[in-house]
Amino acid sequence: MSDLYLITGFLGAGKTTFLKNFLRLFAGKKIQLIVNEFGQEGIDGTLLADLGAYLNEIAGGSVFCSCRLDQFEKVLRESADVNADVILVEASGLSDPTGVRRLFSQTERFPHIAYQGAVCLVDAVRFPKLYATARTCVKQLASSDVALINKVDRATEEQLQRTRELIRGQRPDMPVLETAFGRTDRSILDLLAASSHTDGAELPLTADLTLRKLLVTVAPAITPHALQKFIEMFIEVTFRVKGFVMTSAGLYLVDCAGNVVTMTPYTGDVSEEKYGRLVILSGAGMPVRKRVKEAASWYADYILSVE
């Protein structure tokens, strides 16, 4: 049997960083990672590739939506051949996993998998605003067994208290932990083991959050300053901007959530076909395509395409 854990949480909550720490709790065991991203370009898989685990990437939609559910089930069935001790699934930040319990209650389809529960990552700074505007946040909490409030080092006491109140208001039964930089210890496994994973098995598989996806190709001649200014022109109408961009000063990882542009030099291994490809995610009613096109016209020497 393989123990399966689901990691969920809205875009930018820190799931990938948490997953790196969470994985250390299973030292000495054979691990399979299943990483799910909305954009066609897989970013998190590249960031996790050096962890010594068997890795599968599923991009282009949520694994809990019909658009990718068949591929997810195929990977799960094939996981029997991997014979992993632990399967860790990082769901897309825009996914609605309310059908996860029903999916794994079908033991005849996945007899080798023992579902151990879901951890919901919560951004202590952005959660109060997101909870009011993105129904996916509500769905992710509803489907999880433990909430982990992350980035408490960046939050004001008011933001942190409001985040606690929102979680308690929806799920007074849910254990809540608090951390920074996605750090965790074995207490989270004890809380998951004590939770029931059978309630809510009747919840249906639901459609993805309505969203807009763009892929921007950037020329390697762009300077880091120009790249930052380009992104700043549309960042406030996005949920997430992410990708690896080769600049005149070397390779950068772009990883933006909210209204803050975050770019850091990157020295890890990245396949060249991923260079210069920015995935931009936004919601319905957000004028992201118009804003990106306008920004691209300002930086026409560097922006090769907007798809």
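Cut-offs and rules
- Residues numbered from 1 in each chain as written.
- Predicted model: local features only at pLDDT ≥ 70, side-chain atom pairs only at ≥ 80, totals over all residues.
- Heavy atoms only, no water.
- Disulfide = S-S within 2.5 Å.
- Buried < 20%, exposed > 50% of the residue type's maximum accessible area, 1.4 Å probe, protein only.
- Helix = DSSP H or I, 4+ residues; strand = E, 2+ residues; numbered from the N terminus.
- Pairing = 2+ DSSP bridges.
- Core = buried A, V, L, I, M, F, W, Y, C linked by side-chain atoms within 4.5 Å.
- Contact = heavy atoms within 4.5 Å.
- Arc of directions from axis to C-beta.

A. Local environment of the state of the cysteines. Scanning the entire structure with this criterion turns up 0 disulfides. The closest cysteine sulfur to the non-disulfide-bonded Cys-137 is located on Cys-120, 7.6 Å from its own sulfur. Judged by its relative accessible area of 3%, Cys-137 is buried.

B. Focus on the pairing of strand 10 (residues 250–257). Here strand 10 lies mainly inside the structure; 6 of its 8 residues are buried. As judged from the 8 bridges shared by strand 9 (residues 240–247) and strand 10, these two strands associate in the antiparallel manner. If you follow Val-245 over to strand 10, its bridge partner there is Tyr-252. With antiparallel pairing between neighbouring strands as the criterion, strand 9 and strand 10 make up a hairpin whose turn holds 2 residues. Pairing between strand 10 and strand 11 (residues 263–265): 3 bridges, direction antiparallel. From the neighbouring strand, Val-254 faces strand 11, where its bridge partner is Met-263.

C. Representation of the nonpolar core in the model. Core analysis: the biggest nonpolar cluster contains 27 residues, and Val-216, Phe-230, Ile-231, Phe-234, Val-241, Val-254 and Leu-278 have the highest contact counts within it. Where this core is concerned, the elements lending two or more residues are strand 8 (211–218), helix 9 (224–232), strand 9, strand 10, strand 12 (277–283), helix 10 (288–298) and strand 13 (303–306). When residues no more than four places from it in sequence are discounted, the contact partners of Val-241 are Ile-231, Phe-234, Ile-235, Val-254, Asp-255, Cys-256, Leu-278, Val-279 and Ile-280. Counting residues in hydrophobic clusters, the runner-up holds 23 residues, among them Leu-94, Ile-149, Ala-155 and Ile-167.

D. Layout of helix 8 (residues 187–194). Along helix 8, the residues that are buried comprise Ile-188, Leu-189 and Leu-192. All buried residues of helix 8 project into a common sector of 100 degrees when viewed along the axis, lining one side. Every exposed residue of helix 8 that faces more than 90 degrees away from the buried side is listed here: Asp-190, Ala-193 and Ala-194. Packing partners of the buried residues in helix 8 comprise strand 1 (2–9), helix 1 (15–23), strand 5 (113–123), strand 6 (146–150) and strand 7 (176–178).

Function cannot be read off these values alone, since they describe shape.
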